[in-house]
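Coordinate inspection notes
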Amino acid sequence: MAHNNTVLNQMLQLLPRHVFEHQVETHASQGPKPRKLSYWSQLVAMLYAQLSGKKSLRDLVFSLGRHRQKLYHLGITRSVKRSSLADANKQRPVLIFAQTYFKLLHRLEAELGRQPGPHRVKIMDATYVPVCDSLFPWADFMPGNSAVKLHFLLDADAGTPQDLQVTSGQVHELEVARTLSFTPGDLLLLDRGYVDFAWLASLHRQGVGFVTRLPRHVRCQVVQKNPVPADAAVLADQTIRLTTVRSRNRYPETLRLVQYRDPDTGKEYVFLTNRLDLAALAVAGLYRQRWQIETFFRWIKQNLKIKSFYGTSENAVLIQIWTAMIAYLLLLWLKVRSCRGWSVLELTRLVQNLIMERCNLWALLCPRTSDPPDHAQLTLFNLGGAR
């Protein structure tokens, strides 16, 4: 019988250790020098916690202890102590784990054949994770309540987070959005919370498109009525100009307004965009894609450890969130290499049950071969069962 390493070991092959160690060498000078727990051991332990769904550091350390004989092949040469892991999460630079995520993202996109460039549809939104006010005083939200706020920029085609910023709950989405840079040709899908005409005008000047919903308080005049197909769900397609002095000064150019009635629910929507070249139905279809990020939020909260935290310091929370995102990318990569149409949810359950078992992961994912395949399935974002 052929020897097989554990499922976790085979997943870590997608994240070469030298890639991580390079980040350690670059950024570790900002933190304390490790004495008992290496940076790699910390990463592997936190990924194990995410992929196996451990509830606490005690639960994690106990479980790793039960698999002591298998830890050597994961690069963990010493037993993991709860106090050492807690101190590491509290003190070590978060940037190491954040940059490791982006390195892994670039490797995944290279396998998908996706190159950085214009004409990407991106979804921007934020979600709250409520936390205990007394344990997380740094996560201010409102009097008597605390929350961690995760600001995501999601690639609509691949379902991969292109940017993530973690703040306290009181930080508005626009404060984070204004710090981001985009490529001319990008198209952003935004909810009404991002409607700030000065910022939207800056996007327009950069050649960045946007589709959002028209806030109810906005006043405008119709400059031109565009033809609407008689049999379409589009009720109106108009070129408009903002009329209030404040809005007009901030966004002096014309905009496009599309009024749409959902054939299934009968609910009407009014969309606002600077893209004049798109068909009216395409504008409505694009905004419908924004639901992907709501599905993504629900999925990560249900299947990754980001609703309850192993540590209370801001540093520990950030490391846990970034390792959760690394675990998510590894699961997406398994989906890419699968020949059987596994959903990410099914892969999560498979990994959770077999994570420290010695079996051929690639044979499970693609029965025709026992080696990691080289091809990529381009339909990536299918969380399957997350609804």
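Report follows, based on the coordinates. Everything numeric in this text was worked out from a predicted model, so none of it was measured. (Residues numbered from 1 in each chain as written. Predicted model: local features only at pLDDT ≥ 70, side-chain atom pairs only at ≥ 80, totals over all residues. Heavy atoms only, no water.)

What to know about the overall build of the chain
Across its full length, the chain carries 14 helices and 10 strands. Principal-axis analysis of the C-alpha atoms places the extent of the chain at approximately 70 × 55 × 35 Å. The buried share among the 387 residues of the chain stands at 55%. Accessible surface, the chain: about 18,000 Å² in total, of which carbon and sulfur atoms supply 48%. Charged side chains in the chain number 49 positive and 30 negative. The centres of these two groups are separated by 6 Å. (Helix = DSSP H or I, 4+ residues; strand = E, 2+ residues; numbered from the N terminus. Buried < 20%, exposed > 50% of the residue type's maximum accessible area, 1.4 Å probe, protein only. Areas by Shrake-Rupley, 256 points an atom, 1.4 Å probe, with all protein chains shown as cover. Lys, Arg positive; Asp, Glu negative; His and termini not counted. Charge placed at Lys NZ, Arg CZ, Asp CG, Glu CD.)

A few points about the pairing of strand β4 (residues 161-168)
The element β4 is extensively covered by neighbouring structure, given that 6 of its 8 residues are classed as buried. Where strand β3 (residues 145-155) folds back onto β4 in an antiparallel hairpin, the turn is made up of 5 residues, including Gly159, whose phi is positive at roughly 75 degrees. (Pairing = 2+ DSSP bridges.)

Things to note about empty space enclosed by the protein
In the structure shown here, the tally under the stated rule is 1 cavity of 30 Å³ or more. The volume enclosed by the largest cavity comes to roughly 60 Å³. What lines the largest cavity is simply Met124, Asp125, His151, Phe152, Leu153, Asp163, Glu173, Val176, Ala177, Leu180 and Tyr194. Of all elements in the fold, only β1 (121-131), β3 and α7 (173-177) reach the threshold of two or more residues within the lining of the largest cavity. Grouping the constituent residues of the lining of the largest cavity by class yields 7 nonpolar, 1 polar and 3 charged. (1 Å grid on protein atoms, 1.4 Å probe; cavity = no way out; pocket = protein on both sides within 12 Å on 5 of 7 lines; lining within 4 Å. Points joined across faces, edges and corners; volume = space filled by probe spheres on them. Nonpolar A, V, L, I, M, F, W, Y, C, P; charged D, E, K, R; others polar.)

A few points about the pattern of salt bridges
One pass over the full model with this rule turns up 14 salt bridges. We note a salt bridge from Glu109 to Arg120, for which the minimum N-O separation is 3.2 Å. With Glu109 in helix α6 (residues 94-112) and Arg120 in the loop between α6 and β1, the pair connects residues that are 11 residues apart, well separated along the chain. Accessibility expressed as a relative area gives 4% for Glu109, which makes it buried. Notably, a salt bridge pairs Lys122 with Asp186, separated by 3.2 Å at the nearest N-O pair. You can see Lys122 sitting in strand β1 and its partner Asp186 sitting in the loop between α7 and β5 (187-189), a full 64 residues away along the chain. Of the two residues, Lys122 and Asp186, both sit in the buried class. (Salt bridge = Lys/Arg side-chain N within 4 Å of Asp/Glu carboxyl O.)

So, the nonpolar core
In this structure, Leu8, Met11, Val148, Leu150, Phe152, Met325 and Leu334 are the most contacted members of the largest nonpolar core, which totals 106 residues. Per element, the largest residue contribution to this core is 17 residues, and it comes from helix α12 (residues 314-336). In this structure Met11 touches Leu51, Leu330, Leu331, Leu334, Val351 and Leu361, once residues within four positions along its chain are discounted. Counting residues in hydrophobic clusters, the runner-up holds 26 residues, among them Leu180, Tyr194, Val195 and Leu242. (Core = buried A, V, L, I, M, F, W, Y, C linked by side-chain atoms within 4.5 Å. Contact = heavy atoms within 4.5 Å.)

Here we look at the packing of helix α5 (residues 82-91) against α12
Packing of α5 against α12 brings their axes to within 6 Å, and their N-to-C directions diverge by 95 degrees. Viewed along their axes, α5 and α12 adopt a mutual orientation that is roughly perpendicular. Here Ala88, Asn89, Lys90 and Gln91 of α5 lie close against α12, whose contacting residues are Asn315, Ala316 and Ile319. (Axes fitted to C-alpha atoms, helices over the stretch in contact; angles between N-to-C directions. Parallel < 35°, antiparallel > 145°, perpendicular 65-115°, else oblique.)

Let's talk about helix α4 (residues 57-66)
Those residues of α4 that fall on the buried side of the exposure criterion are Leu57, Leu60, Val61, Ser63 and Leu64. All buried residues of α4 project into a common sector of 165 degrees when viewed along the axis, lining one side. Those residues of α4 that are exposed and aimed more than 90 degrees away from the buried face are Arg58, Phe62 and Arg66. Buried-residue contacts for α4 involve α3 (39-52) and α5. (Arc of directions from axis to C-beta.)

Thoughts on the state of the cysteines
The tally for this structure, following the rule as stated, stands at 1 disulfide. Two residues share a disulfide in this structure: Cys339 and Cys366, whose sulfurs sit 1.7 Å from each other. Measuring the twist about the S-S bond at about -65 degrees, one finds the Cys339-Cys366 disulfide to be left-handed. Here Cys366 lies in the segment after α14 (361-365) and Cys339 lies in the loop between α12 and α13 (344-354), a separation of 27 residues in the sequence. Assessed through its relative accessible area of 3%, Cys366 is described here as buried. Free cysteine Cys359: the closest other cysteine sulfur is in Cys366, separated by 15 Å. What makes Cys359 buried here is its relative accessible area of 19%. (Disulfide = S-S within 2.5 Å.)

Some thoughts on the packing of aromatic side chains
The final tally for this structure, using the stated rule, is 19 aromatic pairs. Geometrically, the ring pair formed by Phe152 and Phe297 is tilted, given 5.7 Å between the ring centres and 50 degrees between the ring planes. Residue Phe152 is found in strand β3, and its partner Phe297 is found in helix α11 (residues 291-303); the two are separated by 145 residues along the sequence. Considered together, Phe152 and Phe297 belong to a single accessibility category, that of buried residues. (Phe/Tyr/Trp six-rings, centres within 6.5 Å; stacked < 30°, edge-to-face > 60°.)

Some remarks on the environment of Pro16
Note on placement: Pro16 falls in the loop between α1 (7-12) and α2 (17-27). Residue Pro16 is classed as buried on the basis of its relative accessible area, which comes to 16%. Taking the C-alpha atoms as reference, Pro16 lies 44 Å from Leu281; in sequence the two are 265 residues apart.

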